[in-house]
Amino acid sequence: MTEETELVLDRRRLRRSVTFWRTAGIGALALAIGAFAIGGEKISSYAQPRQIARVTIEGTILENRDQLQMLNKIADQSRVAALLVHVNSPGGTTSGGEALYQALRKIAKKKPVVAQFGTVAASAGYIVGLGADHIVARGNTITGSIGVIAQWPEFVGLLDKVGVKVNEVKSGVLKATPSPFLPADEGGIKVMKGMIDDGFRWFLGLVAERRGVTTADIPGLEQGTVFSGREAVGFKLVDEIGGEDEAVAWLENVKGIQKDLKVVDWKPHRDDEWSLTRSTASLAGRIAGAGAAEMARTLGRDAGFSKLTLDGLVSVWHPAEK
């Protein structure tokens, strides 16, 4: 074999070796990305020290699947010693408050839960607080507003003025009543009142059970009044005045949680937020001008836009504009 032939063979072996290791490297990188996408959160959670999880419930309360999944993870995460729930919300849908309450009670079966009220924790926001083992509020926190409400506009007079008539065919007289396009009738009001009363009884029962009070003995409570934090302490609707320091101190001194644990914020996220492929494709589509539909879906998922409408029974407080 000539020297030239051996040189050619060596070059071929070198190319095969480089190709092999390059392929192996790409495969290993792909496996690493896949492992992170599938279990990156779980892997990172093992690396975190023991902690107090902090979850913030703010703005309009809705039944948020991502938020509930996050709370389920907190319940099952052994490195989370306790949960601190910061509530700063005027309320929202009654079912949204109910879902959060149930999620917090599930966590409370495994680890202590303390709530800390901010500027306002009323209506469905107060329902969330009832899910905690202990409630800390600021002296000037606005809380209470125990009750349920349903509101709808009536456009009949306006439509008559502009000469617009709305026709409808429905399967029963109570279907889609009350309607903004028809005068409120006794049947529709009666159905809605029954639902409101049922939700109100549930809310009052929750307050009586969780706070150990007789709701009729608290002035204004059954009429839906709001209380300051100081008033709420006097009526046993909250446990003490303070902020996060007092909430953590309760966990340490009463529940025996290790002192000086770091308080770590937990925030909900969707699975597609971990997807490099989806994020890249979305960005490329928007650059190319083909992202209108995706943008619309993004706006539809955004909590800020979802607050523009509330479906279902509502437990929310807001000062009157008049």
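Residues numbered from 1 in each chain as written. Predicted model: local features only at pLDDT ≥ 70, side-chain atom pairs only at ≥ 80, totals over all residues. Heavy atoms only, no water.

J.: Sorry if this is basic, but what is going on with the packing of helix α2 (residues 65-76) against helix α3 (residues 94-108) here?
T.: Geometrically, a packed helix pair is captured by the angle between its two axes and the distance between the axes. Running from N to C, α2 and α3 point in directions that differ by 10°, and their axes come no closer than 9 Å. Taken together, the axis directions place α2 and α3 in an arrangement best described as roughly parallel. Within the contact between the two elements, α2 uses Q67, L68, L71, N72, I74 and A75 and α3 uses A99, L100, A103, L104, K106 and I107. Of the residues in the contact of α2 with α3, the class split is nine nonpolar, two polar and one charged. (Axes fitted to C-alpha atoms, helices over the stretch in contact; angles between N-to-C directions. Helix = DSSP H or I, 4+ residues; strand = E, 2+ residues; numbered from the N terminus. Parallel < 35°, antiparallel > 145°, perpendicular 65-115°, else oblique. Contact = heavy atoms within 4.5 Å. Nonpolar A, V, L, I, M, F, W, Y, C, P; charged D, E, K, R; others polar.)

J.: So what exactly am I meant to see when it comes to unusual backbone geometry here?
T.: A negative phi angle characterises most non-glycine residues, just as the trans form characterises most peptide bonds. For K236, which is not a glycine, the phi torsion comes out positive at approximately 65°. Inspection of the secondary structure puts K236 in the loop between α7 (229-234) and β7 (240-241). Backbone geometry places D260, a non-glycine residue, at a positive phi of 65°. Positionally, D260 belongs in the loop between α8 (244-253) and β8 (262-265).

J.: How should the pattern of salt bridges be read in this particular structure?
T.: Proximity of charged atoms lets side chains of opposite charge pair with each other. Tallying each qualifying case throughout the model produces nine salt bridges. The shortest N-O distance in the salt bridge between D76 and K110 comes to 2.7 Å. Taken together, the residues D76 in helix α2 and K110 in the loop between α3 and β3 (113-122) connect sequence positions 34 residues apart. Assigned by exposure class, D76 and K110 land together as exposed. Across the salt bridge formed by E168 and K170, the nearest N and O atoms sit 3.4 Å from each other. With relative accessibility at 43%, the residue E168 sits in the partly exposed group. The partly exposed category is assigned to K170, whose relative accessible area is 31%. (Salt bridge = Lys/Arg side-chain N within 4 Å of Asp/Glu carboxyl O. Buried < 20%, exposed > 50% of the residue type's maximum accessible area, 1.4 Å probe, protein only.)

J.: Where do I start with the packing of α3 against helix α6 (residues 186-211) in this structure?
T.: At a minimum axis separation of 12 Å, α3 and α6 run at an interaxial angle of 30°. In terms of orientation, α3 and α6 fall into the roughly parallel class. Considering how the two elements wind past one another, α3 and α6 form a crossing that is left-handed. In this structure, α3 contributes T94, E98, Y101 and R105 to the contact, and α6 contributes W202, L206 and R210. The residue inventory of the contact of α3 with α6, partitioned by class, reads three nonpolar, one polar and three charged. (Left-handed = near helix turned anticlockwise from the far one by under 90°.)

J.: Mind showing me how you'd approach α2 here?
T.: Along an α-helix, a turn takes 3.6 residues, which lines up residues three or four apart on a common side. In a regular helix each residue adds 1.5 Å, so 12 residues correspond to 16 Å; α2 covers 17 Å between its end C-alpha atoms and thus fits that length. When we look at burial in α2, the residues that qualify are Q67, L68, M70, L71, I74 and A75. Buried residues along α2 cover an arc of 155° about the axis, so they all sit on one side. More than 90 degrees from the buried face of α2, the exposed residues found are R65 and D76. (Expected span 1.5 Å × (residues − 1). Arc of directions from axis to C-beta.)

J.: Just to check I follow, could you spell out the environment of S78 for this structure?
T.: Position of S78 relative to the elements: it lies in the loop between α2 and β2 (80-93). S78 sits 27 residues away from Q51 along the chain, and the two C-alpha atoms are 9.6 Å apart.

J.: How should the pairing of β2 be read in this particular structure?
T.: For a regular strand, side chains alternate in direction, first toward one face of the sheet and then toward the other. Across the 14 residues that make up β2, a large majority, 11, are buried. Bridge analysis of strand β1 (residues 51-61) against β2 gives 10 bridges, and the strand direction is parallel. Each bridged residue has a counterpart across the sheet, and for R54 the counterpart in β2 is L84. Read as a crossover between parallel neighbours, the route from β1 over α2 to β2 is right-handed. Summarising the sheet, β2 and β3 pair through six bridges and their orientation is parallel. Note that in β3 the partner of L84 across the bridge is V114. In terms of handedness, the path from β2 via α3 over to β3 forms a crossover that is right-handed. (Pairing = 2+ DSSP bridges. Right-handed = clockwise from strand over helix to strand, strands pointing away.)

J.: Teacher, can you tell me more about α6 here?
T.: Look at α6: 37 Å from first C-alpha to last across 26 residues, which is about the 38 Å you get at 1.5 Å a residue. Every buried residue of α6 is accounted for by G188, M192, I196, G199, F203, L204, L206, V207 and R211. In the segment just after α6, G212 is the residue with positive phi, at about 65°.

J.: What is the right way to look at the environment of T177 in this model?
T.: Among the structural elements, T177 can be located in the loop between α5 (156-162) and α6. The spatial distance from the C-alpha of T177 to the C-alpha of M192 is 8.5 Å, given a sequence separation of 15 residues. Not counting residues within four places of it along the chain, the set of residues in contact with T177 comprises K170 and G188.

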